[in-house]
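Listed below are the residues making up each chain.
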Amino acid sequence: MNFKTLTIGLSIAAFATIAVAKPVPYQIDPTHTATVFSWNHLGFSTPSANFRDIQGTINVDEEVPANSSVNVIIPLSSLNTNVQALDEHLQSADFFDAVKYPTITFKSTKVETKDKKNFKITGDLTIKGVTKPVVLDAVLNKKAAHPMSKAETVGFNATTSFDRSIFGVGAYVPNVGDKITVNITTEASVKK
């Protein structure tokens, strides 16, 4: 085997290794992740609530962003409006029916990149046993080694909106707004 053949062989092997490289899994940090949703209340105000203890993985493929993915689980027990009676009502069968359906899930089906920082993430959102597609407009805030943990970390913000009634959570529509606006912020790190 001559030098030229060896060089070509090594180049092909290196290319094959790159071509099959897998997306890197980043574990969502629930202490630095928030999902805040808001709605119109009788035309007078725009209340909001948030979820905590969000779990999931963001798989990042820098070379081929379309191969990236997101998988999230939100426990309904973490819902917080700062009004205990409202928390209990929202978790009741009138709304989320949290005893029967204890989690909300999101699983991406497509990731599109507009540039290196802005993405459209289409996925299946499941609420109260009903699955519908939604689109997240996501922005990469930062990707770097975390200054405290030293773990490779990514941070995103994302927004979406949808009609809650399509998920069977339509109590008091139209007096209480059907449209829900969601704002998400998250940090996720590679496990060491």
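Residues numbered from 1 in each chain as written. Predicted model: local features only at pLDDT ≥ 70, side-chain atom pairs only at ≥ 80, totals over all residues. Heavy atoms only, no water.

1. Observations regarding the overall build of the protein
Note the cut-off: Only DSSP runs of H or I reaching four residues or more are called helices, and only runs of E reaching two or more are called strands; each is numbered from the N terminus. Think of it in three bands: residues with accessible area under 20% of the maximum for their type are buried, residues over 50% are exposed, and the middle band is partly exposed, with areas taken using a 1.4 Å probe on protein chains only. Residues count as neighbours in contact if any of their non-hydrogen atoms are within 4.5 Å of one another. Throughout, the Shrake-Rupley method with a 1.4 Å probe supplies accessible areas, and for residues the shown protein chains are the sole cover considered.
Scanning the protein from terminus to terminus reveals two helices and 10 strands. Walking the protein from its N terminus toward its C terminus, one meets helices and strands in the order α-β-β-β-β-β-α-β-β-β-β-β. The buried share of the protein, reckoned over its 192 residues, is 34%. Considering only intrachain contacts with a sequence separation of at least 6, the fraction spanning at least 24 residues in the protein is 52%. As displayed, the protein offers around 11,500 Å² of accessible surface, 60% of which is attributable to carbon and sulfur atoms.

2. A word on the side chain of Lys128
Here is the rule we go by: Counted charges follow a simple rule, with Lys and Arg positive, Asp and Glu negative, and His plus the chain ends left uncounted. When a carboxyl oxygen of Asp or Glu is within 4 Å of a side-chain nitrogen of Lys or Arg, the pair counts as a salt bridge. Pairs of N or O atoms are called polar contacts if they sit within 3.5 Å, as long as, within protein, a hydrogen donor faces a hydrogen acceptor (for residues adjacent in sequence, only side-chain-to-side-chain pairs).
Here Lys128 shows up in the loop between strand E7 (118–127) and strand E8 (130–145). Although buried, Lys128 forms no salt bridge, and the nearest oppositely charged side chain, Asp97, lies 5.5 Å from it. Among the polar contacts listed, one links the side chain of Lys128 to the backbone oxygen of Phe95, at a separation of 2.7 Å. When residues no more than four places from it in sequence are discounted, the contact partners of Lys128 are Ala93, Asp94, Phe95, Phe96, Asp97, Tyr101, Phe167, Gly168 and Val169.

3. A closer look at the environment of Gly155
As for its placement among the helices and strands, Gly155 is situated in strand E9 (residues 152–163). Distance from Gly155 to Thr186, taken between C-alpha atoms, is 5.6 Å for residues 31 residues apart in sequence. Excluding residues within four positions of it along the chain, Gly155 makes contact with Val139, Leu140, Asn141, Lys142, Thr186 and Glu187.

4. Considerations on the confidence of the model for the protein
Note the cut-off: Scored from 0 to 100, pLDDT reflects the predictor's confidence in each residue.
Per-residue confidence for the protein gives a mean pLDDT of 90, with 89% of residues at or over 70. Confidence drops under pLDDT 50 across residues 3–18; counting only partners more than four residues distant or on other chains, this segment forms one contact.

5. Considering the environment of His41
Inspection of the secondary structure assignment puts His41 in the loop between strand E2 (34–38) and strand E3 (48–51). By relative accessible area, which is 33% here, His41 ends up partly exposed. Apart from residues lying up to four places away in sequence, His41 is in contact with Pro47, Asn175 and Val176.

6. Let's talk about the pairing of E2
Stated precisely, the cut-off is as follows: In this analysis, strands are considered paired if DSSP registers two or more bridges between them.
Two elements, E2 and strand E10 (residues 179–189), share five bridges in a ladder whose sense is antiparallel. From the neighbouring strand, Thr35 faces E10, where its bridge partner is Ile184. As defined by bridge partners, E2 adjoins E3 across four bridges and the pair is classed as antiparallel. Counterpart to Ser38 in the pairing with E3 is Ser48.

7. Topic: unusual backbone geometry
Note on backbone geometry: most residues besides glycine have negative phi, and most peptide bonds are trans. The residue after Val173, namely Pro174, is reached through a cis peptide bond having omega 10°. When you line up the elements, Pro174 lands in the loop between E9 and E10. Despite not being glycine, Asp97 shows a phi value in the positive range, around 50°. On the secondary structure map, Asp97 appears in the loop between helix H2 (84–91) and strand E6 (103–113).

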